[in-house]
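Below are the chains, spelled out letter by letter.
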Amino acid sequence: MSNFDAFYKQLSANPNIKGKEFERAVEWWLTNDFIWSSQFKNVWLWENFPERTGRDIGIDLVAESMSGELWAIQCKRSEEHTSELQSRLHLVCRLLLEK
């Protein structure tokens, strides 16, 4: 079993809580991963984003690149994954599409 599988099994069974826990995990990953942490100056949960206006529109995280560009990120967790690498690649692809 991969480390991601073990982590994922520790999340709440409640879908709403699990989603928030997953968003916090992605925020942590983007600020601590060797590659992604070098790409972003800041990463915020949507509710903590200083320039947030209005209601929730599907944005889970906002990241500020080193050049000051803002990225809107929507976190999606999948019940179907076969490895930590596949999960990471899915997240990276999703981030690139959302940029």
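Our subject is the structure listed above.
Below is a short write-up of the structure.

Conventions adopted
- What you see as residue numbers is a count from 1 along each chain, following the sequence as written.
- With the structure being a predicted model, the display of local features is reserved for residues of pLDDT at least 70 and the display and counting of side-chain atom pairs for 80 or more, all residues being used for whole-chain, interface and lining totals.
- Side-chain metrics in this entry use all non-hydrogen atoms of the structure; hydrogen atoms and water are not considered.
- Only runs of H or I of at least four residues qualify as helices and only runs of E of at least two qualify as strands under DSSP, and these elements are numbered from the N terminus.
- Accessible area is worked out with a 1.4 Å probe on protein chains only. A residue is then buried under 20% of its type maximum, exposed over 50%, and partly exposed in between.
- Every residue pair with non-hydrogen atoms within 4.5 Å of one another is taken to be in contact.
- Each accessible area value is a Shrake-Rupley result obtained with a 1.4 Å probe; residue values ignore everything except the protein chains displayed when judging cover.
- Salt bridge criterion: a side-chain nitrogen from Lys or Arg within 4 Å of a carboxyl oxygen from Asp or Glu.
- A pair of strands counts as paired when DSSP detects no fewer than two bridges linking them.
- Only the stretch in contact is used when fitting a helix axis, every axis being a line fitted to C-alpha atoms; angles between N-to-C directions are given from 0 to 180 degrees.

## Considerations on the overall build of the chain
Check the secondary structure of the chain and you find three helices and three strands. Seen in sequence order, the chain has helices and strands lined up from the N terminus as α-α-β-β-β-α. Here the chain, with 99 residues, has 35% of them falling under the buried criterion. At a minimum sequence separation of 6, the contacts of the chain that also span at least 24 residues come to 44%. Surface exposure of the chain reaches about 6600 Å², of which carbon and sulfur atoms provide 53%.

## So, the pattern of salt bridges
Where charged atoms of side chains with opposite charge meet at close range, the side chains can pair. Tallied over the full model, the rule gives three salt bridges. In this structure, K20 engages E47 in a salt bridge whose closest nitrogen and oxygen atoms are separated by 3.4 Å. Within this pair, whereas K20 is found in helix 2 (residues 15–32), its partner E47 is found in the loop between strand 1 (40–45) and strand 2 (61–65), the two being separated by 27 residues in sequence. A residue is classified by how much of its surface remains accessible, and K20, at 34% relative accessible area, is partly exposed. According to the relative accessible area criterion, E47 is partly exposed, its value standing at 37%. A salt bridge links K41 to E64, with the nearest nitrogen and oxygen atoms 3.7 Å apart. Taken as a pair, K41 in strand 1 and E64 in strand 2 lie far apart in primary sequence, 23 residues in all. Given the relative accessible area of 16%, E64 is considered buried. Several salt bridges share partner residues, and in doing so they unite K20, E23 and E47 into one network.

## What about the sheet that holds strand 1?
Spatially, three strands are ordered 1-2-3 in an open sheet, and the strand pairing comes out antiparallel. Each end of this open sheet is capped by a strand with a single partner; those strands are strand 1 and strand 3 (70–73). The mean angle between the axes of side-by-side strands here comes to 20°, regardless of whether they run parallel or antiparallel. The pairing of strand 2 with strand 3 spans four bridges and is antiparallel. Note that in strand 3 the partner of E64 across the bridge is L70. Strands strand 1, strand 2 and strand 3 of the sheet are contacted by helix 2, whose axis makes an angle of about 170° with strand 1.

## Here we look at the environment of A72
Within the secondary structure layout, A72 lies in strand 3. Its relative accessible area of 30% is what places A72 among the partly exposed residues. Along the chain, A72 and D60 lie twelve residues apart, while their C-alpha atoms are 7.6 Å from each other.

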